[in-house]
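Structural overview
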Amino acid sequence: MIEFKIVKRDSDLIGAELQGELDTAATQSFAADIDAFTEDDVQKQITIDFSKLNYISSAGMRILLVLAKRAAAYGRKVSITGMSEDIKQIFQLTGFDNMFAIQ
C-alpha cells in the first residue's frame, strides 16, 4: 500500500511525500494520484520525499518514468529526497538516477 500526499504547493514548487510500498498493486492508485498531481502543475518544480518509502517495484518505477517524461517536456527534472540506499541502488542499476535529481 502507498500513501501519496502533497506537503507543499506554491507558485513554483510542488512537494510530495510517498509512504509505504510502491508495488504492483499500489501503482494504479499512484498513477491516478500522479495524473491529478501533474494535470495543472507539471510545469512547476516537483520534489518527492522518499524517506518513508520502503519498497518500489518495476511497475512503480514505470509510473515515475511517466512523471519524469511529463516534467522533461517542460524542461524540468523531478527531484527526489530521502532515498534509502536500497532504492538508490535500484535507481543506479537501472539508470533512473540520470532521469531524476537525487538529493
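Just above, that's the structure.
Bear in mind that the values here come from a model prediction, so they are computed numbers and not experimental data. (Residues numbered from 1 in each chain as written. Predicted model: local features only at pLDDT ≥ 70, side-chain atom pairs only at ≥ 80, totals over all residues. Heavy atoms only, no water.)

1. As for the nonpolar core
Soluble globular proteins tend to pack their nonpolar side chains together in the buried interior. The biggest cluster of nonpolar side chains holds 26 residues, and the ones touching the most others in it are Leu18, Phe30, Phe50 and Phe91. Counting residues per element, the ones that place at least two in this core are strand 1 (2–9), strand 2 (13–22), helix 1 (24–38), strand 3 (45–56), helix 2 (58–72), strand 4 (78–81) and helix 3 (85–94). The greatest single-element share of this core, amounting to six residues, is contributed by helix 2. Aside from chain neighbours lying at most four places away, what touches Phe30 is Ile2, Phe4, Leu18, Leu22, Ile63 and Leu64. (Core = buried A, V, L, I, M, F, W, Y, C linked by side-chain atoms within 4.5 Å. Buried < 20%, exposed > 50% of the residue type's maximum accessible area, 1.4 Å probe, protein only. Helix = DSSP H or I, 4+ residues; strand = E, 2+ residues; numbered from the N terminus. Contact = heavy atoms within 4.5 Å.)

2. A few points about the sheet that holds strand 2
The five strands lie next to each other as 1-2-3-4-5, forming an open sheet whose pairing is mixed. Only two strands of the sheet have a single partner each, and these edge strands are strand 1 and strand 5 (100–102). In this sheet, neighbouring strand axes are inclined to one another by 25° on average, regardless of whether the strands run parallel or antiparallel. Alignment of strand 3 against strand 4, held across three bridges, turns out to be parallel. Across the sheet, the residue bridging to Asp49 is Thr81, located in strand 4. Sheet strands in contact with helix 2 are strand 2, strand 3, strand 4 and strand 5, and its direction is about 175° off that of strand 3. Where helix 3 meets the sheet, it contacts strand 3, strand 4 and strand 5, and its direction lies at approximately 115° from that of strand 3. (Pairing = 2+ DSSP bridges. Axes fitted to C-alpha atoms, helices over the stretch in contact; angles between N-to-C directions.)

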